[in-house]
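# Notes for the structure review
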Amino acid sequence: MVVLADPEDGCQPFASPPNSSFHNPTSKWIALIIMGNCSFATKIRNAQNANYHLALIYGEYKVGS
């Protein structure tokens with residue numbers, strides 16, 4: 001299950017994944033985090049501390065000028 005980090009940049013601690021009865025308890029949780037404003041290490045540490053299984057860090061890619 002993919003969840004957008006809040007805050008989106010993941011630079012501050014964020015909440016753990018949602019705990020809903022319709023989710024499989026063995027599901028793996030992925031934090032979707034935008035690049036920028038702090039180090040990748042901080043983003044990943046915050047995701048780990050919030051009990052996410054994976055941190056996916058993305059950026060806006062612009063083609064051309």
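Reference entry: report on the structure contained in this document. Everything quoted here is computed from the prediction, not taken from an experiment. (Residues numbered from 1 in each chain as written. Predicted model: local features only at pLDDT ≥ 70, side-chain atom pairs only at ≥ 80, totals over all residues. Heavy atoms only, no water.)

Turning our eyes to something else, we now look at the sheet that holds strand β1 (residues 2–4). As summarised here, the arrangement of the 3 strands in space is β1-β2-β3, forming an open sheet in which the pairing is parallel. Of all strands in the sheet, those with a lone pairing partner are β1 and β3 (54–58), marking the two edges. On average, each strand axis in the sheet is inclined to that of its neighbour by 30 degrees, with strand direction left out of account. With 5 bridges connecting them, strand β2 (residues 30–34) and β3 associate as parallel partners. Counted as the bridge partner of I33 is I57 from β3. Contacting β2 and β3, helix α1 (residues 40–49) runs over the sheet at an angle of about 145 degrees to β3. (Pairing = 2+ DSSP bridges. Helix = DSSP H or I, 4+ residues; strand = E, 2+ residues; numbered from the N terminus. Axes fitted to C-alpha atoms, helices over the stretch in contact; angles between N-to-C directions. Contact = heavy atoms within 4.5 Å.)

All right, on to the packing of aromatic side chains then. Scanning the entire structure with this criterion turns up 1 aromatic pair. Ring centres of F14 and Y52 lie 5.7 Å apart, and the angle between their planes is 55 degrees; on these two criteria the pair is classed as tilted. Taken together, the residues span a long stretch of sequence, with F14 in the loop between β1 and β2 and Y52 in the loop between α1 and β3 at a distance of 38 residues. Of the two residues examined, F14 and Y52, each falls in the buried class. (Phe/Tyr/Trp six-rings, centres within 6.5 Å; stacked < 30°, edge-to-face > 60°. Buried < 20%, exposed > 50% of the residue type's maximum accessible area, 1.4 Å probe, protein only.)

On to α1, then. Where α1 is concerned, the buried positions are K43, N46 and A47. Across the axial projection of α1, the buried residues extend over an arc of 100 degrees, all falling on one side. Among the exposed residues of α1, those oriented more than 90 degrees off its buried face are Q48 and N49. Taken together, the buried residues of α1 touch β2 and β3. One or two steps after α1, the chain reaches N51, where phi turns positive at roughly 75 degrees. (Arc of directions from axis to C-beta.)

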